[in-house]
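Listed here are the chains, written in short residue letters.
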Amino acid sequence: MSLEKKVGAALFEVIDPELGINIMDLGLIYGIGVDIEDNVEIKMTLTTPGCPMHDSITNGVKHRVSQIEEVGNVHVDMVWDPAWNPGKMSDKAKGMLGFG
Amino acid sequence: MKSDTNVKLPLAFIIYALIALVVAQAILFFNNDLLLAGQFRLPDIWMGAHFLLLGYAVMIAMGAMYQLVPVAFLTPIWSQKLGYIQFIITAIGVTLFAILLGVQPDNAIYGGILAIIGIIMFIIQMVQTILKQKNKNMMTYFVLGAITSFFLTIVAGFLLAWNISYGGIGSHNTILASHIVLGVAGWFTLLIFGFSYKLVPMFSLSHGFSMKWAKPAFFTYIIGLILLISSFWLDFMFLETSGWLVLFIGFSFFVLDIKEILAKRIKKKLDKPFTFSLLAIGNGLAIHLIAVLLKVTGVDHPTIWSWLIFLYVMGWIIFSILGYLYKIVPFLWWTHKYSNKIGKEKVPTLKEMINEKVSVVLFVLFTVSVIGLTLGALFQIGAVVFIFQGLLALTSLAYAVSIVRVLFV
Ligand code: HEM
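The rules we used
Residues numbered from 1 in each chain as written. Chains lettered and ligands numbered in written order. Predicted model: local features only at pLDDT ≥ 70, side-chain atom pairs only at ≥ 80, totals over all residues. Heavy atoms only, no water. Helix = DSSP H or I, 4+ residues; strand = E, 2+ residues; numbered from the N terminus. Rg over C-alpha atoms; globule rule 2.2 N^0.38 Å. Buried < 20%, exposed > 50% of the residue type's maximum accessible area, 1.4 Å probe, protein only. Contact = heavy atoms within 4.5 Å. Areas by Shrake-Rupley, 256 points an atom, 1.4 Å probe, with all protein chains shown as cover. Near = heavy atom within 4 Å. Polar contact = N/O pair within 3.5 Å; in protein donor to acceptor, adjacent residues only side chain to side chain. Nonpolar A, V, L, I, M, F, W, Y, C, P; charged D, E, K, R; others polar. Donors = N, O, S within 2.8 Å, 3.2 Å for Na, K, Ca; no water. Tetrahedral: all angles 85-135°; square planar, octahedral: opposite > 155°, others 65-115°. Pairing = 2+ DSSP bridges. Phe/Tyr/Trp six-rings, centres within 6.5 Å; stacked < 30°, edge-to-face > 60°. Lys NZ or Arg CZ within 6 Å of the ring centre and 35° of its normal. Axes fitted to C-alpha atoms, helices over the stretch in contact; angles between N-to-C directions. pLDDT = per-residue confidence, 0-100. Arc of directions from axis to C-beta. Patch = residues over 30% accessible without salt bridge, like charges linked within 9 Å, V, L, I, M, F, W, Y side chains within 5 Å. Salt bridge = Lys/Arg side-chain N within 4 Å of Asp/Glu carboxyl O.

## Some thoughts on the overall build of chain B
Argument step 1. Looking only at helices and strands, chain B features 14 helices and zero strands.
Argument step 2. Each helix and strand of chain B, placed in order from N terminus to C terminus, yields the pattern α-α-α-α-α-α-α-α-α-α-α-α-α-α.
Argument step 3. On C-alpha atoms alone, chain B measures out to a radius of gyration of 21 Å, which is about the 22 Å that the 2.2 N^0.38 rule sets for 409 residues.
Argument step 4. With the C-alpha coordinates of chain B rotated into their principal frame, the extents come out at 65 × 40 × 40 Å.
Argument step 5. Each of the 409 residues in chain B was classed as buried or not, and the buried ones make up 60%.
Argument step 6. For chain B, the proportion of contacts with a sequence separation of at least 24, taken over those separated by at least 6, is 80%.
Argument step 7. As displayed, chain B has an accessible area near 16,300 Å², and 73% of this comes from carbon and sulfur atoms.

## A few points about the site of the ligand
Residue and element names in this part refer to chain B.
Argument step 1. Around the ligand, the surrounding shell holds 25 residues, and the nearest of these are Phe40, Arg41, His50, His172 and His179.
Argument step 2. Note that an oxygen atom of the ligand is positioned 2.6 Å from one of the backbone N or O atoms of Phe40.
Argument step 3. Here Trp46 contributes a side-chain N or O atom positioned 3.0 Å from an oxygen atom of the ligand.
Argument step 4. Considering each element in turn, the shell around the ligand owes the most residues, eight residues, to helix α6 (residues 138–165).
Argument step 5. Counted by class, the shell around the ligand contains 17 nonpolar, seven polar and one charged residues.

## Let's talk about the coordination of the iron atom of the ligand
Six octahedrally arranged donors around a metal ideally form angles of 90 or 180 degrees; four tetrahedrally arranged donors ideally form angles of 109.5 degrees.
Residue and element names in this part refer to chain B.
Argument step 1. Around the iron atom of the ligand, the protein supplies His50 (NE2) and His179 (NE2) as donor atoms, at distances of 2.0 to 2.1 Å.
Argument step 2. Angles of 85 to 179° at the metal separate the six donor atoms of the iron atom of the ligand, which places the site in the octahedral class. With His50 in helix α3 (residues 43–73) and His179 in helix α7 (residues 172–204), this pair connects stretches of sequence that are 129 residues apart.
Argument step 3. On the accessibility criterion, His50 (19% relative accessible area) is buried.

## Here we look at the side chain of B:Gln389
Residues and elements named next belong to chain B.
Argument step 1. Its place among the elements puts Gln389 in helix α14 (residues 382–406).
Argument step 2. Among the residues examined, Gln389 registers a relative accessible area of 0% and is labelled buried.
Argument step 3. Setting aside its immediate chain neighbours within four residues, Gln389 contacts Gln25, Leu28, Phe29, Leu35 and Leu373.

## Brief notes about the pairing of strand β5 (residues 74–78) of chain A
Strand residues, when the strand is regular, have side chains that alternate between the two faces of the sheet.
Residue and element names in this part refer to chain A.
Argument step 1. Only one face of β5 is covered, namely the one carrying Val74, Val76 and Met78; the face carrying His75 and Asp77 has none of its residues buried.
Argument step 2. Bridge analysis of strand β4 (residues 40–44) against β5 gives five bridges, and the strand direction is parallel. Residue Ile42 lies in a different strand from β5, and its bridge partner there is Val76.

## A look at the packing of aromatic side chains
All names here are of chain B.
Argument step 1. Under the counting rule described, the total for this entry stands at 34 aromatic pairs over all chains.
Argument step 2. Ring geometry for Phe13 and Phe87: centres 4.9 Å apart, planes at 70°, overall edge-to-face. In this pair, Phe13 sits in helix α1 (residues 8–30) while Phe87 sits in helix α4 (residues 80–103), placing the two residues 74 residues apart along the sequence. Residues Phe13 and Phe87 agree in their burial class; the two are buried.
Argument step 3. Consider the rings of Phe142 and Phe193, whose centres lie 6.0 Å apart with planes at 85°: the pair is edge-to-face. Taken together, the residues span a long stretch of sequence, with Phe142 in helix α6 and Phe193 in helix α7 at a distance of 51 residues. Taken as a pair, Phe142 and Phe193 share a single burial class, namely buried.
Argument step 4. Among the aromatic side chains, those forming a connected cluster through ring pairs are Phe142, Phe193, Tyr197, Phe218, Phe219, Tyr221, Phe251, Phe254 and Trp316.
Argument step 5. Just above the ring of Phe203 sits the side chain of Lys327; from NZ or CZ to the centre is 4.7 Å.

## Concerning the sheet that holds β4(A)
All names here are of chain A.
Argument step 1. Pairing is mixed in the open sheet, where three strands are placed in the order β3-β4-β5. Two strands close off the open sheet at either side, each with one partner strand: β3 (29–34) and β5. Taking the axes of each pair of neighbouring strands and ignoring which way they run, one obtains an average angle of 15° across the sheet.
Argument step 2. Against the sheet, helix α1 (residues 3–11) makes contact with β3 and β4, and its axis sits at roughly 140° relative to β3, the strand it touches most.
Argument step 3. The strands touched by helix α2 (residues 54–66) within the sheet are β4 and β5, with β5 carrying the most contacts at an inclination of about 150°.

## As for the confidence of the model for chain B
Interpretation of this model should avoid reading the predicted coordinates in detail wherever pLDDT is low.
Argument step 1. Per-residue pLDDT for chain B has a mean of 94; in total, 99% of the residues score no lower than 70.
Argument step 2. Two summary scores accompany this predicted model of the complex, namely pTM at 0.92 and ipTM at 0.79.

## Examining α1(A)
Residues and elements named next belong to chain A.
Argument step 1. All buried positions along α1 are accounted for by Leu3, Val7, Gly8, Ala10 and Leu11. Each buried residue of α1 lies within a common arc of 160° when the element is viewed along its axis, so the set occupies one face.
Argument step 2. Elements that come into contact with the buried residues of α1 comprise β2 (21–22), β3, β4 and α2.

## Observations concerning a nonpolar patch on the surface
Residues and elements named next belong to chain B.
Argument step 1. Among the surface-exposed residues, Trp78, Ile120, Ile124, Phe151, Leu152 and Val155 lie close enough to one another that they form a single nonpolar patch of about 490 Å² accessible area.
Argument step 2. If you list the elements that add at least two residues to the nonpolar patch, you get α5 (108–131) and α6.
Argument step 3. Looking at which element gives the most residues to the nonpolar patch, the answer is α6, with three residues.
Argument step 4. One can find Trp78 in the loop between α3 and α4.
Argument step 5. According to the relative accessible area criterion, Trp78 is partly exposed, its value standing at 40%.

Structural data, given as structure tokens:
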């Protein structure tokens with residue numbers, strides 16, 4: 001499995017504590033990049049700017065990804081553009097929220 | 001970005017407030033004969049009312065603002081240290097003031113001064129924090145409007161307490177009426193409006209709503225406050241009726257926005273405590289409407305108006321706070337305890353930190369006791385007032401315990 005895939009799989013284990021749904025299914029991860037030294041760059045967003053869970057979730061992402069053996073440094077790039085919208089959720093997440 | 005407040009400060013406010021809530025309801029219970037008689041302007045009721053409004057509601061508002069202002073306005077609290085000093089002074093001041101109001105009203109002013117110093121420190125803290133916010137939005141204006149009303153409330157409160165000690169200030173009753181309107185409608189209502197614009201979308205996960213009524217709601221409600229307070233000073237009945245009407249319209253604008261936010265929500269099944277805060281919005285709208293109808297039909301009986309103020313305070317303000325607190329405390333504690341563990345080990349979700357079933361029972365009991373109490377008082381049945389104020393006191397105790405329990409998970 002490529003490192004990108006491993007990181008992606010690990011992020012399924014980071015759960016948004018308010019919604020009880022993991023951040024992958026919520027569609028919060030916009031991109032995962034790995035350089036030649038296996039440093040990981042994660043581009044992500046949150047459902048609302050100024051979300052009080054901001055620090056907790058970014059830390060959660062860092063912690064989880066750092067646990068993967070090959071990974072070097074982890075950097076989280078929080079972006080608000082494009083803004084998150086409900087269409088980014090997986091069908092599973094939509095189902096859990098009773099949406100759609 | 002490190003914008004959150006240390007958890008200890010908001011929790012200190014919240015724990016003090018929960019104790020004050022129970023004390024307030026117990027005091028009102030032991031004076032249920034005065035409630036029945038519709039005698040609110042007596043030392044024991046002043047004491048109960050200020051334990052409830054200053055001790056509970058104001059302290060929760062302060063604690064919640066230390067927590068929410070940084071995250072909602074994206075600016076750190078101006079001075080954490082001032083926060084602790086402010087907490088201690090306000091807590092001692094409010095306790096002393098409320099007790100003195102009950103046992104030695106002549107000296108209440110001394111406790112009052114301490115409470116006022118604490119509140120002014122809070123106001124300075126918030127104004128300094130908000131001024132640093134880069135992009136002001138409607139929420140900022142709601143909060144600034146609320147804080148201005150808060151300041152005027154304590155100025156009026158000071159004059160009232162001064163009069164009880166030394167006398168000499170005319171228009172005592174007019175100042176009292178202004179004090180009540182500025183305190184409950186100016187400060188609390190504007191504050192809850194402002195924070196609802198942040199909290200309702202957050203708790204319902206709403207997207208793509210417009211907030212198009214926020215500005216009209218803000219200005220209309222403020223104009224309503226000005227009309228109503230002017231009517232007391234000018235003693236002009238028509239102005240009073242129009243004041244209530246304009247307040248009702250302002251409230252309706254706010255409700256329109258909330259309805260749109262909820263219609264566009266993604267989370268279909270809402271948490272129970274949050275639903276209770278939404279129910280409080282419905283209560284608020286109904287109470288404003290009843291006030292307009294009473295004015296239009298010329299119902300002026302002081303007992304009826306005293307109970308309407310009671311309903312305004314309990315059904316709208318206190319119920320909103322009771323519901324939101326059930327979301328805020330688990331959030332605070334979660335951040336403190338699990339924030340650094342997420343991604344490392346399995347952590348509970350916020351919902352797993354509270355017992356929703358218990359919360360539903362508590363919220364039903366709160367609603368039943370407030371309705372029972374009001375009916376008992378309006379129909380003058382002593383036993384009913386006794387039973388439901390007793391139930392309210394016990395429910396408050398159970399509520400306080402259930403919140404504190406969260407800190408042990
Ligand atoms: C947001 C804060 C406050 C609110 C919402 C509030 C609300 C009220 C209410 C509803 C009453 C009527 C209670 C009754 O008749 O039993 C009242 C009376 C009174 N308040 Fe406050 N109050 C606040 C803060 C203060 C402060 C800081 C002071 C003084 C330092 C104060 C001094 C008084 C006095 C002396 C009375 C009795 C006046 C009378 O009946 O003649 N209040 N207040």
